[in-house]
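Overview (structure and organization)
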Amino acid sequence: MGKYRILCFANQKGGVGKTTSAVNVAACLARAGKKVLLVDADPQGNATSGIGVSKRELESTVYDVLIGQKTVAETVVETSAKNLFLLPSGIDLVGAELELADEARREYRLKDALEQVREQYDYIIIDCPPALGLVTINTLVAADGVIIPLLCEYYSLEGLTQLNATIGQIRKRYNAHLELLGVLLNMYDGRLNLTVSVLEEIKKFFPGKVFRTPIPRSVRMSEAPSHGLSIVDYEPHGKGAAAYAAVTRELMTRCE
């Protein structure tokens, strides 16, 4: 197994496809025979419901892990997909930032918790919240590699400098081994001139880091979470599933 085992999908902008990408890459890895833990670190809990786990029935969440009330092993739940396990989230995670504000090693809470189960999984995939607060810092400190999902729009270019600077600060202060593993383009439409020009800008900003296969616009991709399924389970032979399968193969090559 390669050194990149814990991967987080991070971007402080919302609506760029972080959760969709984290869920679908995790599902593709599981389909490839890898044992995968999907960590939902977003208080909205969209990865939790999007993979078919009811938030109302949860006894504990990643919040309980961060504040030290539960271990990861006590909190993980099975999903309907073979090889895919979930560390769920809920709205109580919003309170974690305040509760941990004065705690020792507050930036290392998730890292310390995941280290206890690291060897039990081939991959641990973390869905980050759309903010650069303490929970996101925890995910970046815990991760070996970060993947940045982006939309093919000019607004996506805004904030990249800030995100890059944050990753640099994390490397300098907490996690010297954190690596930018790739940039994933979402809602791609190659027929649009704007899309093509934005892609060129992103390639200049992240030379050699952009995944070869962009994720196309797809109505079915938007529908899948409402059924509690990844796109590879909802429409396994569609263009969305094919794109995520290709991205996952490339990611495994980069990791292993």
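Residues numbered from 1 in each chain as written. Predicted model: local features only at pLDDT ≥ 70, side-chain atom pairs only at ≥ 80, totals over all residues. Heavy atoms only, no water.

This next bit is on the packing of aromatic side chains. This structure, assessed with the given rule, holds three aromatic pairs. Arranged with centres 5.9 Å apart and planes meeting at 80°, the rings of Y108 and Y174 form a pair that is edge-to-face. In this pair, Y108 is assigned in the loop between α5 (96–99) and α6 (109–115) and Y174 in the loop between α9 (160–173) and β7 (179–186), connecting sequence segments 66 residues apart. When its relative accessible area of 18% is taken as the criterion, Y108 is described as buried. Its end group placed over the ring of F85, K35 keeps NZ or CZ at 5.5 Å from the ring centre. (Phe/Tyr/Trp six-rings, centres within 6.5 Å; stacked < 30°, edge-to-face > 60°. Helix = DSSP H or I, 4+ residues; strand = E, 2+ residues; numbered from the N terminus. Buried < 20%, exposed > 50% of the residue type's maximum accessible area, 1.4 Å probe, protein only. Lys NZ or Arg CZ within 6 Å of the ring centre and 35° of its normal.)

When you line up the elements, A22 lands in helix α1 (residues 18–31). Taking the relative accessible area as the measure of exposure, A22 reaches 0% and is therefore buried. For the pair A22 and S230, spaced 208 residues apart in sequence, the C-alpha to C-alpha distance is 9.9 Å. Filtering out sequence-adjacent residues up to four positions away, A22 remains in contact with F9, L38, I125 and D127. (Contact = heavy atoms within 4.5 Å.)

Here we come to the pairing of strand β1 (residues 6–9). Residue alternation in β1 divides its side chains into two sets, I6 and C8 and L7 and F9, and both sets are buried. The pairing of β1 with strand β5 (residues 123–127) spans four bridges and is parallel. Opposite C8, over in β5, you have I126 as the bridge partner. Judged from the three bridges that link them, β1 and strand β6 (residues 145–151) form a sheet pairing that is parallel. Note that in β6 the partner of L7 across the bridge is G145. (Pairing = 2+ DSSP bridges.)

A grouping of Y154, L192 and L194 is seen on the molecular surface, where their side chains present a nonpolar patch of about 280 Å² in accessible area. With respect to the helices and strands, the residue Y154 is situated in helix α8 (residues 154–157). Its relative accessible area of 43% is what places Y154 among the partly exposed residues. (Patch = residues over 30% accessible without salt bridge, like charges linked within 9 Å, V, L, I, M, F, W, Y side chains within 5 Å. Areas by Shrake-Rupley, 256 points an atom, 1.4 Å probe, with all protein chains shown as cover. Salt bridge = Lys/Arg side-chain N within 4 Å of Asp/Glu carboxyl O.)

End to end, α1 covers 20 Å across 14 residues, agreeing with the expected 20 Å (1.5 Å per residue, within 8%). Among the 14 residues in α1, 12 count as buried, and that is most of the element. The complete set of buried residues in α1 reads K18, T19, S21, A22, V23, N24, V25, A26, A27, C28, L29 and A30. Two residues or fewer after α1 comes G33, characterised by a positive phi angle close to 90°. (Expected span 1.5 Å × (residues − 1).)

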